[in-house]
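Here are the chains, one letter per residue:
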Amino acid sequence: ALKSRYRQIDTAFIYGGQTTEIEVGKALQDALQMGIINSRQDVFITTKQWREYHGYDASMKCLELSLERLGVDYVDMWMMHWPGPCFESRDKRQTNSSGGATTEDDPWLHAKEGMGIHEISALRAETWRAMEDAYRQGKARSIAVSNFTVKHLETLKENATLWPPAVNQIESH
């Protein structure tokens, strides 16, 4: 892609079974060595924090791992990949804690038992605070969200000190 003059890379912690960031990092180093790009600044890199890493410390750990994998000191955009955590993967055909069948849009599909809407909102706010600090530290030049509804954004804004997110990237099929 870099040989074809693409200069924007959109990746994520989880893509490719957690291997894509490593491959992107290798491609960046190769492109620098071969003179395809002159410097890191020639490429706009977006990566996304994964759902298992919600909360302040976990999000910062996720970013550090992403930076290490990419072989860079900062990303141009760091996104919160999903508004809710994913601590465990359950078969979508399983039943939820109240005995009903879970659906793809069930907000508790991947949350720990006992974690309700208020706990998830608080965890999301902690994740955003980590992202704000990463921005202030220069580890992310912009911060953004992905797959957020209007309600998610309204709730997140209540505790945010940097607003609005640079982007709300939506996947649509």
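Refer to the structure presented above.
Residues numbered from 1 in each chain as written. Predicted model: local features only at pLDDT ≥ 70, side-chain atom pairs only at ≥ 80, totals over all residues. Heavy atoms only, no water.

Draft legend 1. Region of interest: the overall build of the protein. Counting secondary structure elements, the protein contains five helices and five strands. Residues counted as buried form 44% of the 173 residues belonging to the protein. Excluding contacts between residues fewer than 6 apart, the proportion of contacts in the protein whose partners are at least 24 apart in sequence is 66%. When the accessible area of the protein is evaluated, it comes to approximately 9700 Å², of which 49% is carbon and sulfur surface. (Helix = DSSP H or I, 4+ residues; strand = E, 2+ residues; numbered from the N terminus. Buried < 20%, exposed > 50% of the residue type's maximum accessible area, 1.4 Å probe, protein only. Contact = heavy atoms within 4.5 Å. Areas by Shrake-Rupley, 256 points an atom, 1.4 Å probe, with all protein chains shown as cover.)

Draft legend 2. Geometry of the nonpolar core. Leu28, Val43, Ile45, Val72, Val75, Trp78 and Trp128 are the most contacted members of the largest nonpolar core, which totals 27 residues. When residues of this core are traced back to their parent elements, those giving at least two are helix 2 (20-33), helix 3 (56-70), strand 3 (77-80), helix 4 (117-136) and strand 4 (143-146). Those residues in contact with Trp78, other than ones at most four positions away along the chain, are Thr47, Lys48, Gln49, Ser59, Leu63, Ala130, Met131, Ala134, Ala140, Ser142, Ile143 and Ala144. (Core = buried A, V, L, I, M, F, W, Y, C linked by side-chain atoms within 4.5 Å.)

Draft legend 3. Structural context of the pairing of strand 4. Judged by which residues are buried, strand 4 turns out to be covered on both faces: Ile143 and Val145 on one side and Ala144 and Ser146 on the other are all buried. Relative to strand 4, strand 3 is paired through three bridges, and the arrangement is parallel. When the sheet's bridge partners are listed, Met79 is paired in strand 4 with Ala144. Relative to strand 5 (residues 168-169), strand 4 is paired through two bridges, and the arrangement is parallel. Its bridge partner being in strand 5, Val145 is matched across the sheet by Asn168. Once the chain exits strand 4 it traverses helix 5 (residues 150-157) before rejoining the sheet at strand 5, and the crossover so formed is right-handed. (Pairing = 2+ DSSP bridges. Right-handed = clockwise from strand over helix to strand, strands pointing away.)

In short, shape yes, function no, at least from these values alone.
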